[in-house]
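If you want the building blocks of each chain, they are given just below.
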Amino acid sequence: MIFCCFRDLSYNHLTGEIPFNIGFLQVATLSLQRNNFSGPIPTVIGLMQALAVLDLSLNQLSGPIPSILGNLTYTEKLYLQGNKLSGPIPPELGNLSALNYLDLNDNKLTGLIPPELGKLTALYDLNLANNELEGTIPDNISSCTSLVSFNAYGNKLNGTIPRSLHKLQSMTYLNLSSNYLNGAIPTELARMINLDVLDLSCNKIAGSIPSAVGSLEHLLRLNLSKNNLVGHIPAEFANLRSITEIDLSYNHINGFIPREFGMLQNLILLKLESNNMTGDVSSLTNCFSLNVLNISYNNLAGVVPTDNNFSRFSPDSFLGNPGLCGSWRGSSCPSSSHAKRFSVSRAVILGIAIGGFAILLLILAAACWPHSPAVSTDFSVSKQEIHAVLSSNVPPKLVILHMNMALHVYDDIMRMTENLSEKYIIGYGASSTVYKCVLKNCKPVAIKKLYAHYPQSVKEFETELETIGSIKHRNLVSLQAYSLSPAGNLLFYEYMESGSLWDVLHAPSSKKTKLDWEARLQIALGTAQGLAYLHHDCSPRIIHRDVKSKNILLDKDYVAHLADFGIAKSVCISKTHTSTYVMGTIGYIDPEYARTSRLNEKSDVYSYGIVLLELLTGKKPVDNECNLHHLILSKAADNTVMEMVDPDITA
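- Per an unreviewed UniProt entry, the recorded name for the chain is Protein kinase domain-containing protein, and the organism is Aegilops tauschii subsp. strangulata.
- Reading the Subcellular location (unreviewed entry) entry of the UniProt record for the chain gives the comment "Cell membrane".

Take a look at the structure:
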């Protein structure tokens, strides 16, 4: 029998089924995440009594979760997310008395949530999202008294929200969105005094919003959108002192927008669109911290103020309100027949990925410049920079954001890369040089050395990096660490084995990898999902500013990961109309953004549309002063667009 404390085989290229003899390993931690294991979970794992951590996540495992895993009574963390597991959740998992983390997210699990999970009194995080679970949420969940996070997003749960959930006094995150829950919002939820996030969106919840919700003084995000809520917005919402985001869109709420919203000092996002609200908006003039306002397509009336924060809002904020007048649209009120302009939504972005809508948008858009920017050729760390570090007697600090970089210091990185020698360079761009470094754990990372040193705003830049490092999504490249020093500002990212989409599409014929239609479609969809996450799920929302094929990196399975997000600037939608300079890459820049310097998420979507054209045609956006956008326009005029399709798609 083999005994050791830790067995980490994650982030490799292991395939096939997990071997049966793995049960002979008596280890405290078994991590096989991010491989390509398929087949069932071996039942013999249930005999590994010493396991404290079992991580089989992000593989291709299928079949049921073995009930024998209920024998792992010393296990504290069980990660099975991101597989193809099916069947019901075994009630025997309720025997894992030491369990702190249970993550079954993103599988194909069916059946009910077992009430036996209520026996897990040590459970800290329960993630059942993105499955096909049915039935009601069992009252027994309220017995998990240590529970801090409960995520059941994206299932088929029905019935009412259990009133007993209020017993979970430690809960900070509750997400029951995208199910079939009905009934009213229990007033008792207001007793969950530590809630930071409450998301009940995309259900069939009816009734009015309980005024008691206003007592959740720690609440940061409240999303009740896409339900059947009626009545007025409670004036008690003025007590939500920490709130940054309120989304009540797509309900049947009526009445006035409470004057008390002017007291919400931290509010960043307020969405009240597509309700049946009436009244005026003058009460919002004192909301000095209100950065984003969307009150479009309601029944609001009166004059739109121009003082205070109202001077910052886009005209789009007020569209679809026939009774509103003001300088934003001229002196007269817009008619009821005014055509509605639709803002970019997650559905639009994902729809572009699988349809031809982007091409139509591009045909209607204006031209981009045909010249490429100059690229710096300063590839390596200079002797002066190295001397600056050595002379300080204190090595630069390496700030770790991801466990992959744990136990490393700056000197380790310099030693492994021979002070960032040229032989470790794997790429470069207009703002950085990229090196490859293999860590002590044999896992590679990509090191991006920025040319700019940000001497005036180091603290702001560090805050920005901390925010970016906290963003995790399967289609975004993870920032794992950073180091800011006179020797250069270094950013450490996940290493992507297959390079960039640019490399794959535009490599010389002898080195070119052929992508079939299915692969290109998956790349387009993955990129769209990553972009949608930045636009709709980050707080504050992030506009990428430089979506292009060089910033779409591909892992060993050619899954798309969007890179370089948030580095240029992390902005809320409120600030998207204040930019005074144009950023981006020639050939991808939104013509409207170039013309007005007004940036919003639609600019990213335009750039993404150019990437789609690259995928469809295999051609560069700008090549020998030939603009791909213009070429498509001319082909569309001749009805010969299909001649532009890359032959490799059907080869």
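There's plenty left to go through after this.
1. Things to note about the overall build of the chain
Argument step 1. On a plain count of helices and strands, the chain comes out with 10 helices and 38 strands.
Argument step 2. When each of the 651 residues of the chain is scored for burial, the buried share is 50%.
Argument step 3. Put simply, of all contacts in the chain between residues at least 6 apart along the chain, 53% involve residues at least 24 apart.
Argument step 4. When the accessible surface of the chain is split by element, carbon and sulfur atoms take 54% of a total near 28400 Å².

2. Observations concerning the nonpolar core
Argument step 1. I141 and F150 are the most contacted members of the largest nonpolar core, which has 70 residues in total.
Argument step 2. The next biggest cluster of nonpolar side chains, apart from the first, holds 39 residues, and it includes F461, Y493, I552 and L612.

3. Some words on the environment of Y79
Argument step 1. Of note, Y79 is situated in strand β9 (residues 77-79).
Argument step 2. Taking the C-alpha atoms as reference points, Y79 and N127, 48 residues apart in sequence, are found 9.7 Å from one another.

4. Overview of the sheet that holds strand β32 (residues 444-450)
Argument step 1. Pairing is antiparallel in the open sheet, where six strands are placed in the order β29-β33-β34-β32-β31-β30. With partners counted over all chains shown, the strands left at the sheet margins are β29 (399-400) and β30 (425-428), one partner each.
Argument step 2. Sheet topology places β30 next to strand β31 (residues 432-438); three bridges connect them, and they run antiparallel. Residue I425 lies in a different strand from β31, and its bridge partner there is Y435.
Argument step 3. Helix α5 (residues 458-469) contacts β29, β32, β33 (479-483) and β34 (489-494) of the sheet and is inclined by roughly 160° relative to β33.

5. Concerning the side chain of K448
Argument step 1. On the secondary structure map, K448 appears in strand β32.
Argument step 2. Among the polar contacts made by the side chain of K448, one reaches the side chain of D564 at a distance of 2.3 Å.
Argument step 3. K448 has contacts with S432, T433, V434, N489, L490, L491, Y493 and D564, leaving out every residue within four places of it along the chain.

6. Considering the confidence of the model for the chain
Argument step 1. Averaged over all residues, the pLDDT of the chain equals 77, while 71% of them reach at least 70.
Argument step 2. Low pLDDT, under 50, characterises residues 282-292; the stretch is placed with 44 contacts to residues that sit more than four places away or in other chains.
Argument step 3. Overall, residues 328-349 carries pLDDT values under 50, and its contacts beyond four positions in sequence, including any with other chains, amount to 39 contacts.

7. Concerning the pattern of salt bridges
Argument step 1. In this structure the tally under the stated criterion is nine salt bridges.
Argument step 2. Two residues, K448 and D564, come together in a salt bridge whose shortest N-O distance is 2.3 Å. Of this pair, K448 sits in strand β32 while D564 sits in the loop between β36 (560-562) and α8 (591-596), and the two are 116 residues apart along the sequence.
Argument step 3. Exposure remark for K448: the relative accessible area of 11% places this residue in the buried category.
Argument step 4. Its salt-bridge partner being K548, residue D546 comes within 3.4 Å of it at the nearest N-O pair.
Argument step 5. Residues joined by salt bridges that share partners form a network here, namely D412, R415 and K440.

8. Examining the pairing of β32
Argument step 1. Within β32, six of the seven residues are buried, leaving the element largely enclosed by the surrounding structure.
Argument step 2. In textbook terms, the turn of a hairpin is the stretch between consecutive antiparallel strands, and for β31 and β32 this stretch comprises five residues, one of which, C442, has a positive phi near 70°.
Argument step 3. When β32 meets β34, the two strands line up antiparallel, connected through six bridges. Pairing of K449 across the sheet is with L490, part of β34.

9. A look at the UniProt feature "binding site: ATP" (unreviewed entry) in the chain
Argument step 1. In this numbering, the UniProt entry assigns the feature "binding site: ATP" (unreviewed entry) to K449.
Argument step 2. Looking at the element boundaries, K449 is found in strand β32.

10. What about helix α7 (residues 517-536)?
Argument step 1. Between its terminal C-alpha atoms α7 stretches 28 Å, which fits the 28 Å expected from 20 residues at 1.5 Å a residue.
Argument step 2. For α7, the capping residue at the N-terminal end is D516, with a side-chain oxygen 3.3 Å from the backbone nitrogen of E518.

11. Some thoughts on the packing of aromatic side chains
Argument step 1. Enumeration over the complete set of coordinates arrives at two aromatic pairs.
Argument step 2. Taken together, the aromatic side chains of Y79, Y101 and Y124 make up a single cluster linked through ring pairs.
Argument step 3. Across the ring face of W502, the terminal group of K550 is positioned such that the distance to the ring centre comes to 4.8 Å.

12. Regarding the sheet that holds strand β12 (residues 108-111)
Adjacent strands of a sheet pair through backbone hydrogen bonds, lying either parallel or antiparallel.
Argument step 1. Within the open sheet, the eight strands sit side by side as β3-β6-β8-β10-β12-β14-β16-β18. Their pairing is parallel. The outermost strands of the open sheet, each flanked by one partner alone, are β3 (15-17) and β18 (180-181).
Argument step 2. In this sheet, β18 lies alongside strand β16 (residues 156-159) in parallel orientation, the contact comprising two bridges. Counterpart to G159 in the pairing with β18 is L181.

13. Thoughts on the packing of helix α9 (residues 601-617) against helix α10 (residues 628-637)
Between two packed helices, the angle of one axis relative to the other and the distance separating the axes together describe the packing.
Argument step 1. Axis separation between α9 and α10 bottoms out at 11 Å; the angle between their running directions is 70°. If you check the angle between α9 and α10, you find them roughly perpendicular. With respect to the hand of their crossing, α9 and α10 are arranged in left-handed fashion. Each of Y606, I610, L613, E614 and T617 in α9 lies in contact with α10, whose residues at this interface are L628, H629 and I632.
Argument step 2. Residues that form the contact of α9 with α10 fall into these classes: five nonpolar, two polar and one charged.

14. Here we look at the environment of I243
Argument step 1. Here I243 lies in the loop between β22 (228-230) and β23 (245-247).
Argument step 2. Take I243: its relative accessible area is 0%, and that puts it in the buried class.
Argument step 3. When the C-alpha atoms of I243 and L222 are compared, they prove to be 7.8 Å apart, with 21 residues separating the residues in sequence.

15. Overview of the side chain of E614
Argument step 1. For E614, the location among the structural elements is in helix α9.
Argument step 2. The charged side chain of E614 is buried without a salt bridge, its nearest counter-charge being K620 at 8.8 Å.
Argument step 3. Of note is the side chain of E614, whose polar atom sits 2.8 Å from the side chain of H506.
Argument step 4. Among the polar contacts made by the side chain of E614, one reaches the side chain of Y588 at a distance of 2.6 Å.
Argument step 5. For E614, the contacting residues outside a window of four places in its chain are W502, L505, H506, S549, Y588, K619, P621 and L628.

16. Topic: the packing of α7 against α9
Argument step 1. Packing of α7 against α9 brings their axes to within 11 Å, and their N-to-C directions diverge by 170°. As summarised for this structure, α7 and α9 are arranged roughly antiparallel, according to the angle between their axes. Residues W517, R520, I523, A524, L525, T527, A528, L531 and H535 of α7 lie in contact with α9, whose contacting residues are E601, D604, V605, Y608, L612, L615 and L616.
Argument step 2. By residue class, the composition of the contact of α7 with α9 is 11 nonpolar, two polar and three charged.

Cut-off values and rules
Residues numbered from 1 in each chain as written. Predicted model: local features only at pLDDT ≥ 70, side-chain atom pairs only at ≥ 80, totals over all residues. Heavy atoms only, no water. UniProt positions renumbered as here; feature names shortened; annotations may be inferred. Helix = DSSP H or I, 4+ residues; strand = E, 2+ residues; numbered from the N terminus. Buried < 20%, exposed > 50% of the residue type's maximum accessible area, 1.4 Å probe, protein only. Contact = heavy atoms within 4.5 Å. Areas by Shrake-Rupley, 256 points an atom, 1.4 Å probe, with all protein chains shown as cover. Core = buried A, V, L, I, M, F, W, Y, C linked by side-chain atoms within 4.5 Å. Pairing = 2+ DSSP bridges. Axes fitted to C-alpha atoms, helices over the stretch in contact; angles between N-to-C directions. Polar contact = N/O pair within 3.5 Å; in protein donor to acceptor, adjacent residues only side chain to side chain. pLDDT = per-residue confidence, 0-100. Salt bridge = Lys/Arg side-chain N within 4 Å of Asp/Glu carboxyl O. Expected span 1.5 Å × (residues − 1). Phe/Tyr/Trp six-rings, centres within 6.5 Å; stacked < 30°, edge-to-face > 60°. Lys NZ or Arg CZ within 6 Å of the ring centre and 35° of its normal. Parallel < 35°, antiparallel > 145°, perpendicular 65-115°, else oblique. Left-handed = near helix turned anticlockwise from the far one by under 90°. Nonpolar A, V, L, I, M, F, W, Y, C, P; charged D, E, K, R; others polar. Lys, Arg positive; Asp, Glu negative; His and termini not counted.

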